[in-house]
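Letter by letter, the chains look like this.
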Amino acid sequence: MFVSELSIEPKYSEFDMMGIIYHANYLNWFEMGRTKLCADLGFLYFDMEQAGYISPVHEMNVIYKRGITYGDKVVLRTRIHENGGVKTTYAYEVLDGEGQLRVEGMSSHYIVRREDFKPVQFKKVFPDWYAAFEKAKTIKTL
């Protein structure tokens, strides 16, 4: 499968009083990873919006194994877990500079018309994008 990688330098403001990344910040990182994965495959979320569609979050899941602490280097890996005709699920891994898994998660998204939030079939509205996602599930990286 194709895996997109993003290096992240945590900002001091992202840490909580315990000295670890505040848990909600991982959701922002996941969004950054999803956006980068799309760009790595040749597609921009902005273009989807310009065409009158958006991709809201349906479900989010985060498993915290060990927090990121100040000074840690971070690599976020993002891949397509499932790509149905309507819903796409992305998988995320947050690794420290030593390559140790610290946090993992998933998010699922639908494609909807911006004007009325009516779901549409991804593979019909954006066939090239859908095909690239399908191909990315079979491309070997890492």
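Keep in mind that what you see is a predicted model, and the values were worked out from it rather than measured. Numbering of residues starts from 1 in every chain and runs along the sequence as written. Owing to the predicted nature of the model, reporting of local features is limited to residues with pLDDT of at least 70; listing and counting of side-chain atom pairs is limited to 80 or more, with chain, interface and lining totals taken over all residues. The basis for every side-chain value is the complete set of heavy atoms in the structure, and neither hydrogens nor water enter the calculation.

Secondary structure summary: the protein chain contains 4 helices and 7 strands in total. Its helices and strands in sequence order give the protein chain the pattern β-α-α-β-β-β-β-β-β-α-α, from N to C terminus. For 142 residues, the compact-globule estimate of 2.2 N^0.38 gives 14 Å, and the C-alpha radius of gyration of the protein chain, at 16 Å, lies within 12% of that figure. Dimensions of the protein chain, computed from the C-alpha atoms along their principal axes, are close to 45 × 35 × 20 Å. Only protein chains enter the accessibility calculation, which uses a 1.4 Å probe. A residue is then buried if its area is under 20% of the maximum for its type, exposed if over 50%, and partly exposed in between. The buried share of the protein chain, taken over its 142 residues, is 39%. Throughout, a residue-residue contact means that at least one pair of heavy atoms, one from each residue, lies within 4.5 Å. Considering only residue pairs separated by 6 or more positions, the protein chain has 67% of its internal contacts joining residues 24 or more positions apart. Only carbon and sulfur atoms are counted for the fraction: they give 53% of the accessible area of the protein chain, which is about 8,200 Å². Numbering of helices and strands runs from the N terminus, with a helix taken as a DSSP run of H or I at least four residues long and a strand as a DSSP run of E at least two residues long. For this measure, only C-alpha atoms enter the radius of gyration; the expected value for a globule follows 2.2 Å times N^0.38, where N is the number of residues. Every accessible area reported is derived by Shrake-Rupley at a probe size of 1.4 Å, with residue values counting cover from the shown protein chains alone.

The next thing to look at is the pattern of salt bridges. Each salt bridge in this description consists of a side-chain nitrogen of Lys or Arg and a carboxyl oxygen of Asp or Glu lying within 4 Å of one another. Taken as a whole, this structure holds 10 salt bridges when the rule is applied. For aspartate 72, the salt bridge identified is with arginine 102, shortest N-O distance 3.2 Å. You can see aspartate 72 sitting in the loop between β3 (57-64) and β4 (74-83) and its partner arginine 102 sitting in strand β6 (residues 101-110), a full 30 residues away along the chain. A relative accessible area of 5% places arginine 102 in the buried class. Lysine 137 is the partner of glutamate 134 in a salt bridge, and the nearest nitrogen-oxygen pair spans 3.2 Å. On the accessibility criterion, lysine 137 (32% relative accessible area) is partly exposed.

Any two rings among Phe, Tyr and Trp, with Trp reduced to its six-membered ring, count as a pair given centres within 6.5 Å; such a pair is stacked if its planes are under 30 degrees apart, edge-to-face if over 60, and tilted if neither. Going through the model one piece at a time under the given rule, you end up with 14 aromatic pairs. Seen from their ring centres, phenylalanine 15 and tyrosine 70 are 5.4 Å apart, and the 80° between their planes marks the pair as edge-to-face. Residue phenylalanine 15 is found in the loop between β1 (4-8) and α1 (25-40), and its partner tyrosine 70 is found in the loop between β3 and β4; the two are separated by 55 residues along the sequence. With relative accessibility at 57%, the residue tyrosine 70 sits in the exposed group. For the ring pair phenylalanine 126 and tryptophan 129, a centre distance of 5.7 Å and an interplane angle of 70° mean the geometry is edge-to-face. Side by side, phenylalanine 126 and tryptophan 129 carry an identical accessibility label, which is buried. Among the aromatic residues, those joined into a ring-pair cluster are Phe43, Tyr53, Tyr90, Phe122, Phe126, Trp129, Tyr130 and Phe133. Two limits define a charge over a ring: the Lys NZ or Arg CZ must be within 6 Å of the ring centre, and within 35 degrees of the ring normal. Over the ring of tyrosine 45 we find arginine 34; its NZ or CZ atom is 5.4 Å from the centre of that ring.

Remember that the coordinates give geometry; whether it matters functionally is a separate question.
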